[in-house]
Amino acid sequence: MDDKTLKQLTRTLLLHAKGLGLPIGAAEVFIEKSLLTAKKTLSSHSVITENDVTRAVAKELRKYNSDLAYVYQNRDKII
Amino acid sequence: MSVITPLIIVVIAALIQAFLQLTPGTFSLFYHYALGKNSTKVADDFSLSFILGVEVFLTTIWLIIYSLIFFIFCNQPSFCSEVFLWITASIFVAEAFAFFFFYFRKGRSSSALFIPRQIARNINARAEKIKTRSDAFTLGFATGSLELIFTLPLYIISIVELMRISAFPRIIAIIFYIIIATLPLFSIRNLYRTGHNLAEITRSRIRAKTFLRLSISLGFLLLAFIIITSGAFHHG
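Residues numbered from 1 in each chain as written. Chains lettered and ligands numbered in written order. Predicted model: local features only at pLDDT ≥ 70, side-chain atom pairs only at ≥ 80, totals over all residues.

## Quick word on the overall build of chain A
To keep things clear, this is the line we draw: Secondary structure elements follow DSSP: runs of H or I no shorter than four residues count as helices, runs of E no shorter than two count as strands, and numbering proceeds from the N terminus. As a reference, a globule follows 2.2 Å times the number of residues to the power 0.38, and the radius of gyration itself is taken over C-alpha atoms. For the exposure call, what matters is how many other C-beta atoms sit within 10 Å of a residue's own: 20 or more marks it buried, 12 or fewer exposed, and in between partly exposed, using C-beta atoms placed from the backbone. The contact rule is simple: place each C-beta atom from the backbone, and if two of them lie within 7 Å, those residues are in contact.
Each helix and strand in chain A was counted, giving 4 helices and 0 strands. N-terminal to C-terminal, the α/β element order of chain A is α-α-α-α. Taking 12 Å as the expected radius of gyration for a compact globule of 79 residues, we find that chain A reaches 12 Å, a close match to that expectation. When the backbone C-alpha atoms are referred to their principal axes, chain A occupies close to 35 × 30 × 20 Å. Each of the 79 residues in chain A was classed as buried or not, and the buried ones make up 33%. The contacts in chain A between residues at least 6 apart in sequence include a share of 42% that link residues at least 24 apart.

Structure, rendered in C-alpha cells:
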C-alpha cells in the first residue's frame, strides 16, 4: 500500500467513523494503527488485490470497533 | 359497491411497498454518509429532502398511472374486465416467485439486493457525494424509480381498485398509501436520531431477510387471490 492509498483509506474510514458516531480523536488513532498493521501484513504479499486490502484492514479494525469494521467491509453490499 | 375490498387491496399493496428494502437501504446508507460529512442538524435536514423526493416520485407515478388508466377505461369500459384482473393476478404470482428467489442476493452476511452491482455502486457513490438538499431530493426520487419492477403492479392495482369507490375515501386511501409506504424511512430517521448506526440497522435488515422474503411473497400471492375472488364477485 502506497501513501496515496493510505491517505484515501484514512479519509474513507474517518467518514464512516463519524457516520457511526465514534469519537473522532480516538478513531483517528486506531485507524492509523490498523492501517499500519495491515500495511505490514500485506508487505509480504507479492500481489495485492483490493479484496486483500479490505480483508486485512477490516481484520485490524475489528480489534478496536466491530461496527466500523463491519461497515467498511460491507460498504458495497448494503443495497 | 363495497368500499372494503378496494381498501383491503390498497392496504396490502402499501404494506408490501413499505417492506421493500431498496429505498430504506439507500436511505440508511445516505444518512450514514450525511452524518459522516455534516452536523446532525444538516443530516436531518437532508434526510427530509430525501423522503420528500420519494414521496414526490410516488405521487407523480400515481398521477401518471391514474391518468393512463382513466383514459383507457373511459374509452374502453369493457377492458376493466376479468381478463384485466387475471393478467394482474398473474403478474402478482410472478412477482411473488421473483421476490422469493431474486430480491435478495445470496450471502448470509449481506443485505445486497437484486439491482445490478454497478448501479448499487453508483448509488453508493452518489449517496456519499451529497452536498445539498436538491441532491438528496434527486437521490430519493431516483431510488423510488429503481424499484418500479416490483412496485408498478402495486400502483396499478391500487388505482384500479380505488377508481371503484367515491372521491373522498379515494383521496384518503391515496394519502394513507403514501404515508404507509414512507413510514420505514421516518422510522430509520428516528433510529439514527436516537443513536443507532448503519451497522445496527443493516444487521437488523439482514436478520429480517427470511421473514421479509416469506411475508412479501405471501403478500403478493394474497393480492392475486383477492383480485381473482373480488373480480369473480364483481362480474357475477
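Still to come is the rest of the account.
## Remarks on the interface of chain A and chain B
For clarity, the threshold we go by: Put simply, Ala, Val, Leu, Ile, Met, Phe, Trp, Tyr, Cys and Pro go in the nonpolar bin, Asp, Glu, Lys and Arg in the charged bin, and everything else, Gly too, in the polar bin.
The partner chain B presents 22 residues to the 15 residues of chain A that form the contact. Of all the elements in the fold, those that place two or more residues in the side of chain A that touches chain B are α1 (3-19) and α4 (66-73) of chain A. Element by element, the count of residues in the side of chain A that touches chain B is highest for α1(A), at 4 residues. Counted by class, the side of chain A that touches chain B contains 6 nonpolar, 4 polar and 5 charged residues.

## Examining the environment of A:K39
Residues and elements named next belong to chain A. Looking at the element boundaries, K39 is found in helix α2 (residues 24-42). Residue classification places K39 among the partly exposed residues on the basis of 18 C-beta atoms within 10 Å. Considered as a pair, K39 and T12 are 27 residues apart in the sequence and their alpha carbons are 16 Å apart.

## Re the environment of B:L35
With respect to the helices, strands and loops of the structure, B:L35 is situated in helix α2 (residues 22-37). Residues B:L35 and B:S187, 152 residues apart in the sequence, show an inter-C-alpha distance of 17 Å. Ignoring sequence-local partners within four residues, the contact set of B:L35 consists of A:K18, A:G19, B:T40 and B:A43.

## Brief notes about helix α4 (residues 82-102) of chain B
All names here are of chain B. Note the cut-off: Expected span of a helix, by definition, is 1.5 Å for each gap between consecutive residues, and there is one gap fewer than residues. Directions drawn from the helix axis to the C-beta atoms are what define this arc.
Compared with an ideal rise of 1.5 Å per residue, which puts 21 residues at 30 Å, α4 spans 29 Å between its outermost C-alpha atoms and is within 8% of the ideal. Of the positions making up α4, those classed as buried are L85, A89, F92, E95 and F99. Axial view of α4: buried residues confined to an arc of 115 degrees, hence all on one face. Among the exposed residues of α4, those pointing more than 90 degrees away from its buried face are V83, I87, F97, F101 and F102.

## Some words on the packing of α2(B) against helix α9 (residues 198-207) of chain B
All names here are of chain B. Formally: Between the N-to-C directions of two axes lies an angle of 0 to 180 degrees, each axis being a line fitted to C-alpha atoms and, for a helix, fitted only over the stretch in contact. An angle counts as roughly parallel when it lies under 35 degrees, as roughly antiparallel when it exceeds 145, as roughly perpendicular when it falls between 65 and 115, and as oblique in every other case. Crossing handedness is defined as follows: a turn of the near helix away from the far one that is anticlockwise and smaller than a right angle gives a left-handed crossing, while the clockwise case is right-handed.
The contact between α2 and α9 brings their axes to 10 Å, and the two run at 165 degrees. When the axis of α2 is compared with that of α9, the two are roughly antiparallel. Seen from above, α2 lies across α9 with left-handed handedness. Where α2 abuts α9, its residues G25, S28, L29 and H32 lie against L198, I201, T202 and R205. When grouped by side-chain class, the residues that make up the contact of α2 with α9 number 3 nonpolar, 4 polar and 1 charged.

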